[in-house]
Amino acid sequence: MGRRVLIVEDDEKSRRLLSDVLAFHGYEVSAAENGEEGLRTAQTREPDLALLDIQLPGISGFELLARLRKAQHGALRYPVIAVTASVMEQDRRKILAAGFDAFVSKPVNIGELLDTLAKLFVRTGP
């Protein structure tokens, strides 16, 4: 079994692309189209890493990260990557200050995404 990755992305094409690419590379993928569904999926599937879109319907990626932390009593046991079209330096600082472990800009560069996942998995161990 590969590492479990949760993708929370409201755009169906983006969600499908990310899911297909990660599954092809051996990851076990769960996907959700909004923050509420993502929270439920995280609680039942226990991912090893999560990719969260920042601009989600309902609760934002920032709020979802906060709720995931609260559900785990303040400390997430897995890395979380923000996926965003916001590439301004101030947006990146806000993302990292909120507690995301990394960010990947849209449109997603698959090589960059895979490198980021590999680096985070090396940091967190088996």
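These numbers were taken from a predicted model, which means no experiment stands behind them.

Another point: the pairing of strand 2 (residues 28–32). Strand residues, when the strand is regular, have side chains that alternate between the two faces of the sheet. On strand 2, burial follows the alternation: Glu28, Ser30 and Ala32 on one face are buried, whereas Val29 and Ala31 on the facing-out side are not. The pairing of strand 1 (residues 4–8) with strand 2 spans five bridges and is parallel. Residue Val5 lies in a different strand from strand 2, and its bridge partner there is Val29. Since strand 1 and strand 2 lie parallel, the crossover through helix 1 (residues 12–24) that links them has a hand, and here it is right-handed.

A word on the environment of Ala82. You can see Ala82 is positioned in strand 4 (residues 80–84). Between the C-alpha atoms of Ala82 and Gly61, which are 21 residues apart in sequence, the distance is 7.5 Å. When residues no more than four places from it in sequence are discounted, the contact partners of Ala82 are Leu52, Ile54, Ile95, Phe100, Ala102, Phe103 and Val104.

Of note, the bond from Lys106 into Pro107 is cis; its omega dihedral lies within 30 degrees of zero at -5°. With respect to the secondary-structure elements, Pro107 resides in the loop between strand 5 (102–105) and helix 5 (110–124). Phi at Glu46 takes a positive value of approximately 45°, unusual for a residue other than glycine. Note on placement: Glu46 falls in the loop between helix 2 (35–45) and strand 3 (49–53).

With that settled, consider the packing of aromatic side chains. Counted by the stated rule, this structure contains two aromatic pairs. In this structure, Lys94 is placed above the aromatic ring of Phe62, and the distance from its NZ or CZ to the ring centre is 5.0 Å.

The strand order across the open sheet formed by five strands is 2-1-3-4-5, and the pairing between neighbours is parallel. Looking at the sheet topology across the chains shown, the edges are occupied by strand 2 and strand 5. Across the sheet, the mean angle separating the axes of adjacent strands is 20° when strand polarity is ignored. Across four bridges, strand 3 lies against strand 4 in parallel orientation. Across the sheet, the residue bridging to Leu52 is Ala82, located in strand 4. Taken strand by strand, helix 3 (residues 61–71) contacts strand 1, strand 3 and strand 4, and its axis lies near 150° from that of strand 3. Lying over the sheet, helix 4 (residues 89–97) contacts strand 4 and strand 5, oriented at roughly 140° with respect to strand 5.

Procedures and definitions
- Residues numbered from 1 in each chain as written.
- Predicted model: local features only at pLDDT ≥ 70, side-chain atom pairs only at ≥ 80, totals over all residues.
- Heavy atoms only, no water.
- Buried < 20%, exposed > 50% of the residue type's maximum accessible area, 1.4 Å probe, protein only.
- Helix = DSSP H or I, 4+ residues; strand = E, 2+ residues; numbered from the N terminus.
- Pairing = 2+ DSSP bridges.
- Right-handed = clockwise from strand over helix to strand, strands pointing away.
- Contact = heavy atoms within 4.5 Å.
- Phe/Tyr/Trp six-rings, centres within 6.5 Å; stacked < 30°, edge-to-face > 60°.
- Lys NZ or Arg CZ within 6 Å of the ring centre and 35° of its normal.
- Axes fitted to C-alpha atoms, helices over the stretch in contact; angles between N-to-C directions.

Nothing here speaks to function; it is geometry throughout.
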